[in-house]
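Close look at the chain arrangement
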Amino acid sequence: MNQYDAIVIGAGHNGLTNAAYLAKAGLEVLVVEKNDYIGGAAVSRELHEGWIYSSCSYVCSMMRQAIHRDLNLTKHGLILVPYLGNVAFGDNGETLVGYTDEEANYNALRKISPHDADAMFRLHADLARYAQLIRKTLLRTPPDPTSFRPRDVNELLWFAKQFWGLGEKELYEYIRFFTMSAADYLEDYLENDLIKATMASAGIIGTALGVYSPGSAYILLHHVMGDVDGNIGAWGLARGGMGAISQSLAGALQESGGEIRLNAGVRKILVKKQKAVGVVLENGDELYANIVVSNLDAKRTFTQCMDEDDLPPGIFKKAKNFKIRGSSGKVNIALSGLPKFNGVPNNRYVNRGGQAFVGSLETMERAYDDWKHGCWSKDPFIESVIPSAWDPTVAPPGKHWMSNFVQYCPAELADGPWTPEKRNTFGQIIVDKIERYSPGFRELIVHMEVRTPHEIEAEVGLTEGNIFQGELTIDQLLFNRPFPGYAQYRMPVKNMYMCGSSTHPGGGVSSACGANAAREILMDLRLGNTVPDDDFYDE
Amino acid sequence: MPSTIIQDINQHNFHEVLKPTPFHPRVDHDCLTKNWMDWNGYLTARTYDTLAAEYFAIRSSCSVMDLTPMGKYRINGPDANKFLNRLVTRDVSMLRPQRVSYVVMCNDEGKVLDDATIFHLNEGDYRLCCQHHQLDWLMISSLGMDVSIKEETHDIAALAVQGPTSASALKLAGIDEIGQLKPYDILHTQLHGFEVMVSRTGYTGDLGYELWTSPDNALSMWDAIFEVKQKGFYDIRTIGLSALEMVRIEAGFILPGDDFNTAETAIRADRVRSPYEVGLGWVVNLDKPNFTGKRALLDEKKKPIKRRLLRLEVSGNKAPQDSFLYAGKGGKRIGTIMTQIWSPILKANLAMADVEFAGGSQPSEIWAEIYYQKELEWRVSWAKGKVWNKPFWSHPRRSASPPDSY
């Protein structure tokens, strides 16, 4: 068969979510995937015998629970298990232990700074106020501010009401917040550098900004607004690895009769008379559909899968200039035992959480400087987690698997193209840094996989390996995501849509982009909506 | 029997209102929250550290719970089987040695006193485990029978070891034959030189076991299990009664005394419930020659059912705690939420709900009126309920034999 109601390009979590909701509405849906496995960046594979690597994304907190419940993802194997704590390492050997339990966390902060322990309540209340507002928009289509259609006007009024609800003073604060750097924002609250650095690290993840770059405060928010079972800011692991998210979505899709075709990379989106009519695969096969949905990032979709001539003027250029810079790498390590870290209490909370090698605000800013000069950071920020400490399915009993997210790492080096030797050097810097905090770490290594933006782009297809499919800065958010005028998932060519993290609300494995796009498609087709409202809709 | 009672009085330390279990030194050490509660007169942990961690120990790795306070009665003697078969509504006359059966006990009016499990330990030797104190009822029920009944709640230390890695962990702890146990099987074995009994039973709806030993060996049994964690093999966590409450509702198990009033404690005539009304019709065998409550249940079976304890999923994310239930938004009141939890695994509010069946049939719609608080301000909302005929959560690994390794 080569004719479908809808073809979705890319079996990442948003593509699968989108396809699942289209299939649920009764459409014949095909998802085409270039790799011989599904998942995109939410993927888990056995890359060393007995070890299941989640090579790309490694943590889950934004997944919309309404979608989880609605698509019955639990039945299809998805279980999200929360973190209990974390530890941050400073340059001079000091450590900051954090707990998800509020009282325990307060006592841990007090050990370093009694002032900051108290100020944290104010900081969290302010962040919660901002996050609550954004969270409500996640499972909604952004309004077009230039449109006079009743739906857009109503939606704009809804937005305005939410914002005005903050009160005048808070509104000014909020606007200020959007434009600030994470470090400057935290300066208003905290005094201890390690505490500031730890908080600020959330403001640079996946973005080519430093802790002192304007706009990084919002990204910080993006990382603290997720929740696990109503615990705002909590993080969780998918049991079995991040691939369990994609697998469960695929299960839901297939249950509704949807189809997935592997080894089916798309060479071109077919456009006739300014309408998308199908795709041409890498092998030359032509597949036709009434609807084509791209789960690829905006840059890749328009600059690699479409002819400039098929697009209205200006779009190609907008896509080319879409800010999707590679800034991070990933080092995945199989370990023969659980590493011990200096200055970290051996307790049941910390042993079940992440490790953040933050150093200090200055160290992180210097790390960014290296990136600006076209080099990986000599002393990088690393965010790690050892999922096997509480997920028995990803490593053999007694053995462990460690995920290390590294920033910064450029997509293009100043001294010429990436080579395997350069990649290994980059990997060794990570091992050396961890070894500094965990003597003997190196001896525990059984197998290691180093991914620079180069590898991530080659395998997953994310341009420059950008984890968010485009940076989460204010110029690329809400009705500006991916481009002004195209934020409602409909693309410049008729019958063509986008559903990836390049669209609102952006990256973070939330499934919201895919679900929002499905809602718009079903509306255009005049079919009943199958996408649920968010649980936080009315709070 | 009388000697048991005297011994208990001597054991009781009146400086302590609640009795510590034989595991208390370990429980106390592990319980960081010191969030204690009373269970059958024992000092028990409600939570040890973080509820979410305890919950996920059961659903994702391996959990250990001190089960000692559960009412335990040893029943043997020539009429033991005859006695038990008359006591409960299910036919247990063919219960083989080293097997366990889930049962329910009714009074003469066919109203539920308690649910229970009967362990056929060895030929003619039984243990009955109940949620509530039942010695009085057992003595009354044994009139005219040649049977010995002894309460052994204090004489047996028990741990529930439940979760996907429970079989793997117990094997590493030294119970080599763990893989042979099918659901409801019993194994008598040795662990580090002392006797333990292992049953593949539990209250979690997941893979799991219960381990039974003498109080003298309690700490050694505990240590043998946690040694597996110390060696770095599996994440094993102690869990309290709050986590247990979550998983038992997910698994669809009822809790007499919480989900409904037990017959012997009911003062008001309309508070008692029959097995049919609490969803336990499947353990009533009316073909059995006789059992306590049979005549009343035969009569009740002929009439339309008046009410049912339902498994209700309530939409949205607001807890329907103590909510009244209505036939429609603002419609006629038809019931009450008895117990409810947020299920982290299913991302849903799950509840046990007592619902009237007008004309013997289930209401076509059930709505919950939910009062909830946001920053000390009370609000009200309505949420629709969905009735589950099956347990909310059931996983193939619960009954897989041999058990999965994780």
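All of these numbers come straight from a predicted model, not from anything done at the bench.

Let us now look at the interface of chain B and chain A. Taken residue by residue, the interface counts 34 residues in chain B and 27 residues in chain A. The contact between chain B and chain A buries some 2600 Å² in all, and 51% of this surface belongs to carbon and sulfur atoms. Ionic pairing is found between Arg348 of chain A and Asp30 of chain B, a salt bridge with its closest N-O pair at 3.5 Å. Connecting chain B to chain A are 8 residue pairs in polar contact (both at pLDDT 80 or more). If you list the elements that add at least two residues to the side of chain B that touches chain A, you get helix H3 (51-60) and strand E18 (367-374) of chain B. Among the elements that take part in the side of chain B that touches chain A, H3 of chain B stands out by supplying 5 residues, more than any other. Of the residues contributing to the side of chain B that touches chain A, the split by class is 16 nonpolar, 7 polar and 11 charged.

Our next topic: the layout of surface pockets. All names here are of chain B. For the second largest pocket, the calculated volume is near 1300 Å³. Per-element accounting of the lining of the second largest pocket gives the leading share, 5 residues, to helix H7 (residues 218-230). Of the residues assigned to the lining of the second largest pocket, the class counts are 21 nonpolar, 14 polar and 13 charged.

For the rest of this paragraph, the subject is the domain arrangement of chain A. Residues and elements named next belong to chain A. As far as domains go, chain A holds domain 1 (3-80 + 239-322 + 475-524) and domain 2 (83-221 + 324-460). Just the C-alpha atoms count here: the centres of domain 1 and domain 2 sit 26 Å apart. Contact with domain 1, which involves 39 residues of that partner, is made by 44 residues of domain 2. Between domain 1 and domain 2, roughly 3600 Å² of surface is buried when both sides are summed, and carbon and sulfur atoms account for 59% of that area. Where domain 1 packs against domain 2, one counts 2 salt bridges. Scanning the region where domain 1 abuts domain 2 turns up 27 residue pairs in polar contact (both at pLDDT 80 or more). Of all the elements, helix H17 (residues 512-524) adds the most residues to the side of domain 1 that touches domain 2, at 6 residues.

Rules used in this analysis
- Residues numbered from 1 in each chain as written.
- Chains lettered and ligands numbered in written order.
- Predicted model: local features only at pLDDT ≥ 70, side-chain atom pairs only at ≥ 80, totals over all residues.
- Heavy atoms only, no water.
- Contact = heavy atoms within 4.5 Å.
- Buried area = accessible area lost by both parts, 1.4 Å probe.
- Salt bridge = Lys/Arg side-chain N within 4 Å of Asp/Glu carboxyl O.
- Polar contact = N/O pair within 3.5 Å; in protein donor to acceptor, adjacent residues only side chain to side chain.
- Helix = DSSP H or I, 4+ residues; strand = E, 2+ residues; numbered from the N terminus.
- Nonpolar A, V, L, I, M, F, W, Y, C, P; charged D, E, K, R; others polar.
- 1 Å grid on protein atoms, 1.4 Å probe; cavity = no way out; pocket = protein on both sides within 12 Å on 5 of 7 lines; lining within 4 Å.
- Points joined across faces, edges and corners; volume = space filled by probe spheres on them.
- Domains from an automatic or database assignment.

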